[in-house]
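Residues per chain, in single letters:
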Amino acid sequence: MTAQKVKDALTGNLCRCTGYEPIIRAGLSVDSSQITPLDDLYPPAPMLAAYADVQSESILIETPPENGNVAGRIFFGPVSVREAVEFKSKHPGTVIVSGGTDVGVVCNKRGVEPAVIMSASRLPDLDTIRLNTTDNGSPIVSVGARVTLSALERFMESQLPEFAKILNVFGAPQIKNAGTLAGNIANGSPIGDSLPFLMAMDAEVELNGLGGARRVNMNHLYTGYRKLDMKPDELITRVHIPLPGSAELLRLYKVSKRKHLDISAFTAAIRITQSVDGKIETVRVAYGGVGPVVMRLPQT
């Protein structure tokens, strides 16, 4: 056990009384060999086996009208992308959740009660990260819509540490273990931590609808404040992110009142291509927190 591991374990838990130093010292004094892993207390294999029979079945829950509402509430848990887009096309305004880290807060703090919710948590093949190459041999990462931010951070530590650094301060482990990159994109906040990076890298969002799949460049995805260029039946299925080339420099920044566990006040991504003698040939700059959407600076 190290002090850093204790601090990482404390992330997301705020202390207002004793202070962190005594807690860290207490953590360091624990004999980790005497701790029983959670998987030993609650073996996951039997639990997964118990749910195996119903994993392939979609879930539909409808409640009757109440308190004078014209309609009740609907929850749908599809097991295929086709099911999901068909349901979404029939239910305009469907709220999609995967980790629910943003929608849950809105419901809890603002009293919002969506009439129709669809969970993407069981859609197949969307929890994978793939490293591929483009036609010209450049590396590109394909991130499924269900990939958690924690999984993406671990992957990017070796592939793109600069982005892993931003993911490290995205939020608490509890949030990153549930939240997704697709959710950060769909949320559309002008201070979304990942958006400047995705725009500077000319990432593409893969959308699936009744008409099939299409890709939209991140720089053309937002049409206004939290408004996306998506058809009513479409949902995000993957995000395709080119990685910087050997002649490129990438720098990402997040400014907030606290380093950890805080919403951004300003975000930035700067991607520079240099010549062999160190001169700047091209530059892509994206700023968050300066307008209703993340802004590219094309004249820079």
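Above this text is the structure in question.
Notes on the structure in this doc start here.

Each value, and the rule that gives it
Residues numbered from 1 in each chain as written. Predicted model: local features only at pLDDT ≥ 70, side-chain atom pairs only at ≥ 80, totals over all residues. Heavy atoms only, no water. Buried < 20%, exposed > 50% of the residue type's maximum accessible area, 1.4 Å probe, protein only. Helix = DSSP H or I, 4+ residues; strand = E, 2+ residues; numbered from the N terminus. Pairing = 2+ DSSP bridges. Polar contact = N/O pair within 3.5 Å; in protein donor to acceptor, adjacent residues only side chain to side chain. Contact = heavy atoms within 4.5 Å. Salt bridge = Lys/Arg side-chain N within 4 Å of Asp/Glu carboxyl O.

**Describing the pairing of strand β6 (residues 139-144)**
No. 1: β6 sits mainly inside the fold: five of its six residues count as buried.
No. 2: The sheet contact formed by strand β5 (residues 129-133) and β6 spans five bridges and is antiparallel. Bridge pairing in β6 places asparagine 132 opposite isoleucine 140.
No. 3: Between β5 and β6, which pair antiparallel in sequence order, lie five residues; one of them, glycine 137, sits at a positive phi of approximately 90°.
No. 4: Bridge count for β6 against strand β11 (residues 235-242) is five bridges, and the pairing is antiparallel. Within β11, the residue paired with glycine 144 across the bridge is arginine 238.

**With respect to the side chain of asparagine 208**
No. 1: With respect to the element layout, asparagine 208 can be found in strand β7 (residues 204-209).
No. 2: On the basis of relative accessible area, asparagine 208 is assigned to the buried category, the value being 16%.
No. 3: A polar contact is formed between the side chain of asparagine 208 and the side chain of threonine 237, at a distance of 3.0 Å.
No. 4: Not counting residues up to four positions away in its chain, the partners in contact with asparagine 208 are Val81, Val85, Ala213, Asp233, Glu234, Leu235 and Thr237.

**Points about the pattern of salt bridges**
No. 1: Counted according to the given criterion, the structure contains twelve salt bridges.
No. 2: Between glutamate 113 and arginine 73 there is a salt bridge whose closest N-O contact spans 2.6 Å. Of this pair, glutamate 113 sits in the loop between α6 (103-110) and β4 (116-119) while arginine 73 sits in the loop between β1 (59-62) and β2 (74-77), and the two are 40 residues apart along the sequence.
No. 3: Classification of arginine 73 by relative accessible area gives partly exposed; the value is 26%.
No. 4: In this structure, aspartate 229 engages arginine 214 in a salt bridge whose closest nitrogen and oxygen atoms are separated by 4.0 Å. Of this pair, aspartate 229 sits in the loop between β10 (227-228) and β11 while arginine 214 is found in strand β8 (residues 212-217), placing the two residues 15 residues apart along the sequence.
No. 5: Under the relative-accessibility criterion, aspartate 229 is labelled partly exposed at 32%.
No. 6: Classification of arginine 214 by relative accessible area gives partly exposed; the value is 25%.
No. 7: The network of salt bridges with shared partners includes Arg214, Asp229 and Glu234.

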